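Working through the structure, step by step
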Amino acid sequence: MRSSRALVVLAFVGMLACSEPTVTIREQAVIEQTLTDQLRTWVRAWNNGDRDSLSAMYVQGPELTVVWVDGSVRQGWEEEELAQTSLFNSTERVNFVMQNPVQHVIDMEVALSIFSHSIDVVRLGGRRDLVRSGAGTVLWVRDHEENVWRIRMAHLSVVPTSAS
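Residues numbered from 1 in each chain as written. Predicted model: local features only at pLDDT ≥ 70, side-chain atom pairs only at ≥ 80, totals over all residues. Heavy atoms only, no water.

1. Side note on the overall build of the protein
A count of helices and strands for the protein gives 4 helices and 6 strands. The N-to-C order of helical and strand elements in the protein reads α-α-α-β-β-α-β-β-β-β. Burial statistics for the protein: of 164 residues in total, 40% are counted as buried. For the protein, the proportion of contacts with a sequence separation of at least 24, taken over those separated by at least 6, is 54%. Summing over all exposed atoms, the protein offers an accessible surface of approximately 9,300 Å²; the carbon and sulfur share of this is 55%. (Helix = DSSP H or I, 4+ residues; strand = E, 2+ residues; numbered from the N terminus. Buried < 20%, exposed > 50% of the residue type's maximum accessible area, 1.4 Å probe, protein only. Contact = heavy atoms within 4.5 Å. Areas by Shrake-Rupley, 256 points an atom, 1.4 Å probe, with all protein chains shown as cover.)

Below, the structure written as structure tokens:
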């Protein structure tokens, strides 16, 4: 149910992306660079286990939706924060690699990032989760009070490996 709601929101954002642009070319370029930098900061925070930096990047309310690579859905910042804490408390290392980020500026308030990724997790005790590759999307909204972009919705999918 929750993941279908996330897909509806992403479809709506996609339709908005096809409408008339409301930002100038210069504004779009600045926003695209800002979001690319934000994504890199987000990935670095995951790899460093930096919970404070991660926390600052997300919308802090119940409207936040995050779909993790295992398909689980977190609704609201409280659920996401608990999931992140659980993950970091059970891991030695996370290696999250983002490739080919593309930014879609919807307007001055909303943007969408699309990228490919791979994630490798080493659990406490040395057990290693398989490297997972897939696609990612992040829906950004502008926080005017702090003049920063925050994650409103994130989705990381895994491309299934074919059997040999």
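2. Considerations on the pairing of strand β4 (residues 110-123)
With respect to burial, β4 is a largely interior element, 11 of its 14 residues being buried. Both strand β3 (residues 91-105) and β4 contribute to a ladder of 12 bridges, which runs antiparallel. Across the sheet, Val 94 pairs through a bridge with Val 121, a residue of β4. Connecting β3 to the next strand, β4, in antiparallel fashion are 4 residues. (Pairing = 2+ DSSP bridges.)

3. Looking at the side chain of Arg 150
Here Arg 150 shows up in strand β6 (residues 148-156). A polar side-chain atom of Arg 150 sits 2.9 Å from a polar atom in the side chain of Asp 143. Non-local contacts of Arg 150, meaning those with residues more than four positions away in its chain, are made with Ala 56, Met 57, Tyr 58, Val 59, Leu 139, Trp 140, Val 141 and Asp 143. (Polar contact = N/O pair within 3.5 Å; in protein donor to acceptor, adjacent residues only side chain to side chain.)

4. Observations concerning the packing of aromatic side chains
The description of an aromatic ring pair rests on the distance of the ring centres and on the angle between the ring planes. Applying the stated criterion across every chain, the model contains 5 aromatic pairs. A ring pair is formed by Trp 42 and Phe 115, whose centres lie 6.3 Å apart and whose planes are at 70°; its orientation type is edge-to-face. One end of the pair, Trp 42, is in helix α2 (residues 25-48); the other, Phe 115, is in strand β4, with 73 residues separating them in the sequence. The exposure class assigned to Trp 42 is buried, which follows from its relative accessible area of 2%. With centroids separated by 6.1 Å and ring planes inclined at 85°, the aromatic side chains of Trp 46 and Trp 68 adopt a geometry described as edge-to-face. Of this pair, Trp 46 sits in helix α2 while Trp 68 sits in the loop between β1 (65-67) and β2 (73-75), and the two are 22 residues apart along the sequence. Neither residue differs from the other here; Trp 46 and Trp 68 are each classed as buried. Directly above the aromatic system of Trp 68 lies the positively charged group of Arg 74, at a separation of 5.1 Å from the ring centroid. (Phe/Tyr/Trp six-rings, centres within 6.5 Å; stacked < 30°, edge-to-face > 60°. Lys NZ or Arg CZ within 6 Å of the ring centre and 35° of its normal.)

5. Some points on helix α4 (residues 77-89)
Between its terminal C-alpha atoms α4 stretches 18 Å, which fits the 18 Å expected from 13 residues at 1.5 Å a residue. All of the buried residues along α4 are Trp 77, Glu 80, Ala 83, Gln 84, Leu 87 and Phe 88. On an axial view of α4, the arc spanned by its buried residues comes to 130°, and they lie on one face. In α4, the exposed positions angled more than 90 degrees off the buried face are occupied by Glu 78 and Leu 82. Buried residues belonging to α4 abut α2, α3 (51-57), β1, β2, β3 and β4. (Expected span 1.5 Å × (residues − 1). Arc of directions from axis to C-beta.)

6. Comments concerning α2
With 24 residues, α2 extends 34 Å between its outermost C-alpha atoms, agreeing within 8% with the 34 Å of an ideal straight helix rising 1.5 Å per residue. Turning to α2, its buried residues number three or more, namely Ile 31, Leu 35, Thr 36, Gln 38, Leu 39, Trp 42, Val 43, Ala 45 and Trp 46. Along its buried surface, α2 packs onto α3, α4, β3, β4, β5 (132-143) and β6.

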